[in-house]
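Coordinate inspection notes
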Amino acid sequence: MRTRRNRTRIALSLFVLAAGTLVSPARAQDSAVPVIPDLVESVTIIPPGQDGTMDLVQFAEFQAADSRPEHYDDQLEMYAGLVDDEDVTPEDLLTYYHTQQFGPEEIVEEYSPTEGVTVYRDALGVPHIYGDTIANTEFAVGYVTAQDRLFQADVFRHAALGTLASFVGPSFVEMDKAIRSEGYTEEELQKMLDALPKVFPQRGLGKSILDGLAAYTEGMNAYIDEVSADPTIAPAEYFATGNYPPEPWRAIDTAALGVLQLRIFGETAGAELRNGELFRELAQKLGPTIGGKVFNDLRRRNDPSAYTSIATENGRWPSQRLPRVNPKAIAIPDEPEQSEEPAARDPRVAINEGLARIGFPTLGSAASNALLVSGRRSTSGHPLQIGAPQVGYSVPQFFIDLDVHGGTPERRLDFRGAAVPGASLLAAVGRGIDYAWTLTTGMSDAVDVRAELLCNPDGSKPTVDSKHYVFRGKCRAMSTREETISWNMPPTALLDPATAQPPGSETITIDRTRHGPVFSRGTVRGKPVAWVRQRLFWQRELESFAAFTGWNSSSETKSMADFFRAADRMTVSFNVFYADAKNIGYHHIGEYPVRAAGVDPRLPTWGTGAWEWKGVWPFNRNPHVRNPKQGWLVNWNNKPAASWGNGDDTAWGDVQRVRLLAANMRERLAGGKKIDRADLVDVIRDAATRDMNAFRLLPQFLAPVKGAIAARPAPADRDQLAVAVGILEAWYGAGQHRADQDHDGNDDNGPATAIFDAWYDATVAKVFEDELGDAMGLVGVPRSDRPEFNNGSSYFADFGNYLANLLSRRPLARNYCDDMKTTAVREGCGAALLAALRSALDALTTEQETEDLSALTRPADMISFGAQGGGSVPDIPWQNRGTYNHIAEITGRRH
């Protein structure tokens with residue numbers, strides 16, 4: 001018998017609030033929670049809180065008194081407080097995290113959304129689900145997801161389907177166009193689902209996935225039915241957007257959301273057109289020979305200075321070694337006739353802009369980290385794991401927390417972890433009975449841009465608008481369809497009639513070739529082309545559901561071998577990490593193409609048929625390690641192993657945040673020392689506020705300045721330079737932290753961070769702008785990836801890599817420190833750094849109106865939680881770590 005979760009509500013209309021008496025929910029009676037083997041000690045955190053829903057009463061209270069529902073933000077302070085600690089102890093773990101054990105520590109609420117399943121809510125509102133069958137269990141998962149995050153899931157499904165403008169207004173029209181162009185029709189999504197039983201016939205796995213999805217959908221709809229019958233429990237945003245009652249949920253909604261989720265985290269390539277534009281600009285500015293060499297400096301195919309998660313003592317994992325590039329394979333774009341920015345022609349820009357506004361992570365924003373320690377290096381003798389996916393900061397948060405148990409011994413789910421509302425039938429990362437796993441974005445290249453040579457079947461001269469293309473000597477027709485993009489006018493638009501846009505629609509045409517969807521058109525050597533992004537995983541993203549099914553199943557994953565066997569089903573690029581009572585392991589997973597000889601994976605390739613993919617790279621030749629010799633692993637979306645090449649949009653290099661984790665691990669394990677979970681948390685806590693560029697570059701920056709200070713005769717500004725050096729050296733020695741532990745709104749190390757930021761920026765400009773000019777924006781990395789330019793995650797890649805290569809005197813195309821405009825003088829890097837520092841200090845003292853460098857200030861870096869709906873939470877101090885975290889110790893085995 002389904003019962004609605006016990007919540008007191010007050011009847012409301014959209015504009016009129018009626019007073020009533022609030023009654024506190026009764027405490028649930030004692031109940032016998034089923035006992036599940038629990039051989040993992042783990043804590044977790046997902047800020048700001050589990051419950052992302054405000055009904056109309058709660059929204060009115062929020063507006064009037066800044067009050068929020070009980071579990072809306074009750075994990076925010078726990079998460080924020082970690083960086084104020086100086087030494088985390090085992091007793092502190094439950095200060096900054098909460099338990100991730102199976103079952104509730106305290107039962108606050110108990111109910112049964114359908115026969116055969118019981119849900120227990122704990123003190124943080126987390127649902128613990130116990131069912132007799134997988135179908136009943138997945139029904140409950142759908143039901144509790146809708147209870148906690150219905151409007152969020154609704155926004156996500158519309159975003160994934162390219163119908164968000166029809167749901168929340170015309171500002172998402174461009175995103176909808178891009179999603180439709182780059183994605184699938186509903187018919188194609190259904191075919192992808194229908195294919196799963198044929199793709200995974202073993203033990204009925206494919207059918208089991210569909211059955212679970214059907215039950216999950218039914219559970220979502222059970223709660224949607226309740227909301228539709230009782231507006232007082234509906235999220236307030238449904239009324240604000242004019243979408244009450246909610247539309248029923250469908251299996252293809254979850255499928256579309258699954259595709260979007262897998263693309264966002266697993267598709268980190270396809271930037272060949274931008275790279276081609278960079279190559280063109282460099283060749284025009286510097287000449288073909290030097291321009292090509294500079295391009296190689298900026299877009300390295302394999303940078304040996306990059307930190308690798310798999311140490312060379314555990315082997316090398318070379319990716320495909322392509323022979324010399326054949327110029328006939330490469331299609332460098334002509335300069336476009338329009339003066340628009342190149343990025344404006346890529347639909348993924350519109351997708352990212354839209355996703356950022358709804359609290360969904362954006363393509364290419366990889367920021368997750370993972371740490372593993374073997375039993376022989378831990379104080380308890382048990383393996384340890386930190387899983388820390390970085391999925392941005394929003395309210396509600398991108399993830400929800402689920403504890404799920406159900407099924408029979410033959411096919412059973414037992415997991416606790418983080419899942420995405422609307423696609424939460426399985427956890428993306430988390431823990432099982434006696435193992436834990438986590439993911440980071442893999443960053444490897446399974447996407448290529450093709451230049452389709454356009455033609456007309458009647459033999460007439462083609463134009464950039466032609467609908468046919470050449471493949472293997474024949475003029476072939478593109479597939480073409482029309483899509484109608486509609487938008488609504490939310491009731492809230494009436495509050496500002498001057499800017500309100502009436503409902504409307506627009507019809508767009510979407511073209512595809514055999515390689516994929518056309519995303520832009522232009523010319524190559526004057527010949528019209530269509531630019532197409534070819535994905536190896538095209539229409540196969542949903543096969544990855546089988547990997548998650550294996551990881552979440554106690555009947556399918558009983559060993560490390562079982563776990564990585566399931567990992568072979570993943571079709572997009574990830575790093576996956578596993579720990580059980582005896583083992584730790586890592587595999588760089590996903591499918592990658594074997595490319596034709598003569599192509600350059602960084603640049604667009606002709607789609608005429610001569611340069612087609614030659615197969616799929618074998619899974620066992622992807623980088624992997626089991627029980628590494630050093631006894632630990634760290635990853636922060638960095639290079640997996642020596643000799644594994646960079647992708648076309650991957651800037652693995654020397655200056656990358658993973659070095660902070662590695663340095664901390666080496667220090668804590670030096671001399672045979674061992675660590676516990678609290679020590680492992682200290683590793684990420686310390687790294688969370690450190691400036692990676694300063695950690696790697698500051699000593700090299702300071703060397704020529706110290707030389708100038710000691711020179712005879714001394715420079716006129718010797719004293720000012722000496723003060724600057726003293727401030728920066730003290731900051732470096734204290735750990736290069738960027739923090740506001742006294743919470744006064746200013747960086748605690750303001751003089752140092754102000755000086756270093758200005759110096760770094762001035763150095764990048766002085767060293768590289770003369771060679772690159774307007775092409776700086778085409779390089780594919782920001783000048784600086786420091787906190788003020790991000791919201792939480794930082795230091796993945798920026799121009800610091802190029803400075804490191806230059807200052808370390810690695811082989812490069814030229815001495816970038818030598819100013820091309822001063823041909824009579826050859827400048828060195830020492831002179832460039834000194835000039836940049838003087839320029840930075842002059843600008844800072846003028847701007848802040850003080851000659852006292854110790855009085856310089858800098859605002860503290862903060863994290864803002866983007867508001868998806870009507871609610872919001874306060875900013876918190878910046879910290880560079882996962883949004884979700886689990887800190888797990890595997891204490892035993894079930895067999």
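This text gives an overview of the structure that appears in the document. Note that the coordinates shown come from a computational prediction; the quantities given were computed from them, not determined experimentally.

1. Focus on the overall build of the protein
Within the protein, the regular secondary structure consists of 22 helices and 30 strands. A compact globule built from 895 residues should have a C-alpha radius of gyration of about 29 Å, and the protein, at 28 Å, falls within 12% of that. Principal axes of the C-alpha set define a box for the protein whose edges measure 85 × 75 × 65 Å. When burial is assessed residue by residue, the protein has 63% of its 895 residues classed as buried. Considering only intrachain contacts with a sequence separation of at least 6, the fraction spanning at least 24 residues in the protein is 73%.

2. Overview of the sheet that holds strand β7 (residues 369-373)
Spatial ordering of the open sheet is given by β2-β1-β30-β8-β7-β25, a layout of 6 strands whose pairing is antiparallel. Taken across any chain shown, the strands that pair with only one partner, and hence form the sheet edges, are β2 (98-99) and β25 (632-635). The sheet contact formed by β7 and strand β8 (residues 384-388) spans 5 bridges and is antiparallel. Directly across from Asn 369, in β8, lies its bridge partner Ala 388. Where helix α16 (residues 658-669) meets the sheet, its contacts fall on β7 and β25, and the angle it forms with β25 comes to roughly 160 degrees. Seen against the sheet, helix α17 (residues 677-687) touches β1 (40-45), β7, β8 and β30 (885-890) and runs at an angle of roughly 35 degrees to β8.

3. Regarding α16
Taking 1.5 Å as the rise per residue, α16 with 12 residues should run 16 Å; its terminal C-alpha atoms sit 17 Å apart, in good agreement. Burial within α16 is extensive, with 9 of its 12 residues counted as buried. Those residues of α16 lying buried are Val 658, Arg 659, Leu 660, Leu 661, Ala 662, Ala 663, Asn 664, Met 665 and Leu 669. Against the buried residues of α16 lie β7, β25, α17 and α18 (692-710).

4. Here we look at the sheet that holds strand β4 (residues 117-121)
Strand order in the open sheet formed by 10 strands is β3-β4-β5-β10-β11-β12-β13-β21-β22-β24, with mixed pairing between adjacent strands. Where the open sheet ends on each side, the last strands, each with one partner, are β3 (109-111) and β24 (624-626). Across the sheet, the axes of successive neighbouring strands diverge by a mean angle of 15 degrees, strand direction being ignored. Examined bridge by bridge, strand β5 (residues 127-131) and strand β10 (residues 400-408) share 4 bridges and lie parallel to one another. Its bridge partner lying in β10, His 128 is registered against Asp 403.

5. A word on the pattern of salt bridges
Evaluated as defined, the whole model comprises 59 salt bridges. Where Glu 729 meets Lys 706, a salt bridge forms, and the shortest distance between an N and an O atom there is 2.8 Å. With a gap of 23 residues between them, Glu 729 in helix α19 (residues 718-733) and Lys 706 in helix α18 connect regions that are remote in the sequence. Close ionic contact of Arg 814 with Glu 771 constitutes a salt bridge, the shortest N to O distance being 2.6 Å. Of this pair, Arg 814 sits in the loop between α21 (800-807) and α22 (829-848) while Glu 771 sits in helix α20 (residues 750-772), placing them 43 residues apart in sequence. Relative accessible area serves as the criterion here: at 23%, Arg 814 is assigned to the partly exposed category. Within the structure, one salt-bridge network assembled from shared partners comprises Asp 691, Arg 738, Asp 747, Asp 757, Asp 761, Arg 786, Glu 788, Arg 858 and Asp 861.

6. A closer look at the packing of helix α4 (residues 134-161) against helix α6 (residues 173-182)
Two numbers describe how α4 lies on α6: the axes approach to 7 Å, and their chain directions differ by 60 degrees. On the basis of their axis angle, the class for α4 and α6 is oblique. Touching His 158, Ala 159, Ala 160 and Leu 161 of α4 are Met 175, Asp 176, Ile 179 and Arg 180, all from α6. Here the residues of the contact of α4 with α6 are counted per class, giving 5 nonpolar, 1 polar and 2 charged.

7. Quick word on the state of the cysteines
Any covalent bond linking the sulfur atoms of two cysteines counts as a disulfide. Within the structure shown, the criterion is met by 2 disulfides. Covalent S-S linkage joins Cys 455 and Cys 475, the inter-sulfur distance amounting to 2.0 Å. Residues Cys 455 and Cys 475 are joined by a disulfide whose S-S torsion is about 105 degrees; by sign, that bridge is right-handed. With a gap of 20 residues between them, Cys 455 in strand β14 (residues 447-455) and Cys 475 in strand β16 (residues 474-477) connect regions that are remote in the sequence. Taking relative accessible area as the criterion, Cys 455 reaches 9% and is therefore assigned buried. If you count the bonded cysteines of the protein from the N-terminus, they pair up as 1-2, 3-4.

8. Digging into the packing of aromatic side chains
Summed over all chains, the structure comprises 36 aromatic pairs. A centroid spacing of 5.8 Å and a plane angle of 50 degrees characterise the contact between Trp 731 and Phe 756, whose relative ring orientation is tilted. With Trp 731 in helix α19 and Phe 756 in helix α20, this pair connects stretches of sequence that are 25 residues apart. Here Trp 731 falls in the buried class, since its relative accessible area comes to 3%.

The rules we used
- Residues numbered from 1 in each chain as written.
- Predicted model: local features only at pLDDT ≥ 70, side-chain atom pairs only at ≥ 80, totals over all residues.
- Heavy atoms only, no water.
- Helix = DSSP H or I, 4+ residues; strand = E, 2+ residues; numbered from the N terminus.
- Rg over C-alpha atoms; globule rule 2.2 N^0.38 Å.
- Buried < 20%, exposed > 50% of the residue type's maximum accessible area, 1.4 Å probe, protein only.
- Contact = heavy atoms within 4.5 Å.
- Pairing = 2+ DSSP bridges.
- Axes fitted to C-alpha atoms, helices over the stretch in contact; angles between N-to-C directions.
- Expected span 1.5 Å × (residues − 1).
- Salt bridge = Lys/Arg side-chain N within 4 Å of Asp/Glu carboxyl O.
- Parallel < 35°, antiparallel > 145°, perpendicular 65-115°, else oblique.
- Nonpolar A, V, L, I, M, F, W, Y, C, P; charged D, E, K, R; others polar.
- Disulfide = S-S within 2.5 Å.
- Phe/Tyr/Trp six-rings, centres within 6.5 Å; stacked < 30°, edge-to-face > 60°.

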